[in-house]
Amino acid sequence: MAGAVVNNLEGLDRELETILTSFDTNYAWNYASVKAGLGDLYEKAKREQWNSTTQLAWDTHVEPESEIVPDVINPLAEYGPFKKLNEKERHRLRHAQMALQLSQFLHGEQGALIVASQLVGGVPWIEAKYYAGSQTMDEARHVEVFSRYLRSKLEWEWPINESLKELLDATIQDSRWDFKYLGMQVMIEGLAMAAFGNLFQLCQEPLLKELLRYVMRDESRHVAFGVLSLRSYYDDMPENELRDREDFIIYSSELMKDRLVGKEIANAMGWNPEDVKDLVLQSPAGQLFRSMLFQRIVPNLKKLGLLTPRVREAYTRMDLIKFEDFDADQADRELGFQA
Ligand SMILES: [Fe+2]
Ligand SMILES: [Fe+2]
């Protein structure tokens, strides 16, 4: 009996990771509306709540090794060791890649859940607290649906990518509330909207496609929440404080653009991680995808006045400045979403 208890505690240790956070928490005693647009967004959030248990067709049969996205999209298609795989091995790899991608969505959603809850305390306007409360509920639902899909349909879950973990830690641990918006609503959710949109368009499995459609509808509001909340916040910021924001934007963009792609798959397959990384980074499809991930971030930074000369220089170097006038609203409308 005592042995069982000890084992349980050891299990808990492995499953829990504790990080120390400290951030300013604000009561907002002014209950009147002070921030244009947030009230409407909160009303929309209330109208668009959904129940993942009853509104998704969980009884759909999913074949985990099937072509959930078409095989032609695989950036490793021309890689020697990949070509040598037999059909069974390719199906296994296909399964691994989909499970890996959805696992990163899952872990990112948990990060979003934590950050949204921090924003409830941190933001200085009552309507932003209302909205952050609704986003917290949304993110709980997103963790729930990705976790359920991974466990009951793909039956394979991967640990978090180390670069994503680094950015989540930085966002969760920063004491300043606007960094939480920058890290989550602008950077991570900007990337996520692009990645979800890409998978949504390619997805051939009806349950996952419907799940993504619901999640994206929520996410487009979350990105709008960040932009509405931060609008004009940086206009009169002293130069030294603005510099901290620039540093964070450049650091997190480089981290996300050059993150160790393919490392997990390479390790699992016994392939050389550097070869796989180079291949993914250099393949035209891989390049297009990685740059496309930023198409929502750059115009949002511009709206916030954060495409400063330093950030502009970094984005020019990263070949991302081309997205500064990208019309994300138009792209959302084409996919059938609108915040
Ligand atoms: Fe989410
Ligand atoms: Fe979100």
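Here is what the cut-offs are and how they apply
- Residues numbered from 1 in each chain as written.
- Chains lettered and ligands numbered in written order.
- Predicted model: local features only at pLDDT ≥ 70, side-chain atom pairs only at ≥ 80, totals over all residues.
- Heavy atoms only, no water.
- Core = buried A, V, L, I, M, F, W, Y, C linked by side-chain atoms within 4.5 Å.
- Buried < 20%, exposed > 50% of the residue type's maximum accessible area, 1.4 Å probe, protein only.
- Helix = DSSP H or I, 4+ residues; strand = E, 2+ residues; numbered from the N terminus.
- Contact = heavy atoms within 4.5 Å.
- Axes fitted to C-alpha atoms, helices over the stretch in contact; angles between N-to-C directions.
- Parallel < 35°, antiparallel > 145°, perpendicular 65-115°, else oblique.
- Left-handed = near helix turned anticlockwise from the far one by under 90°.
- Nonpolar A, V, L, I, M, F, W, Y, C, P; charged D, E, K, R; others polar.
- Donors = N, O, S within 2.8 Å, 3.2 Å for Na, K, Ca; no water.
- Tetrahedral: all angles 85-135°; square planar, octahedral: opposite > 155°, others 65-115°.

1. Some thoughts on the nonpolar core
- Of all hydrophobic cores here, the largest spans 99 residues; its most connected members are Leu102, Phe146, Tyr149, Trp271, Phe294 and Tyr315.
- With 16 residues, helix α8 (residues 177–202) is the single largest residue contributor to this core.
- In this structure, Leu102 is in contact with Phe146, Tyr149, Leu150, Leu154, Leu199 and Leu208, ignoring residues within four places of it in sequence.

2. A few points about the side chain of Asn300
- The residue Asn300 is located in helix α14 (residues 297–303) in this model.
- Overall, Asn300 belongs to the buried group, its relative accessible area being 7%.
- Not counting residues within four places of it along the chain, the set of residues in contact with Asn300 comprises Val223 and Val227.

3. Some remarks on unusual backbone geometry
- Phi is positive for Ser232, which is not a glycine, with a value near 70 degrees.
- Relative to the helices and strands, Ser232 is located in the loop between α9 (206–230) and α10 (239–257).
- At Asp319, a position not held by glycine, the phi torsion is positive, near 60 degrees.

4. Quick look at the packing of helix α5 (residues 87–122) against α8
- Put simply, α5 and α8 touch, their axes get as near as 10 Å, and they point 150 degrees apart. Accordingly, the angle class assigned to the pair α5 and α8 is roughly antiparallel. Judged by the twist between their axes, the crossing of α5 over α8 is left-handed. Residue-level contacts link Met98, Gln101, Leu102, Phe105, Glu109, Gly111, Ala112, Val115, Gln118, Leu119 and Gly122 of α5 to Trp177, Lys180, Tyr181, Met184, Gln185, Glu189, Ala195, Phe196 and Leu199 of α8.
- Grouping the constituent residues of the contact of α5 with α8 by class yields 12 nonpolar, five polar and three charged.

5. Structural notes on the coordination of the iron ion (ligand 1)
- For the iron ion (ligand 1), the protein coordination sphere consists of Glu109 (OE), Glu139 (OE), His142 (ND1) and Glu219 (OE), at 1.9 to 2.2 Å.
- Taken together, the four donor atoms surrounding the iron ion (ligand 1) define angles of 88 to 135 degrees at the centre, an arrangement classified as tetrahedral.
- Read in sequence order, the donor residues coordinating the iron ion (ligand 1) give the pattern E-x29-E-x2-H-x76-E.
- Here the iron ion (ligand 1) and the iron ion (ligand 2) are spaced 3.1 Å apart, and both take Glu139 as a donor. Of this pair, His142 sits in helix α6 (residues 126–154) while Glu219 sits in helix α9, and the two are 77 residues apart along the sequence.

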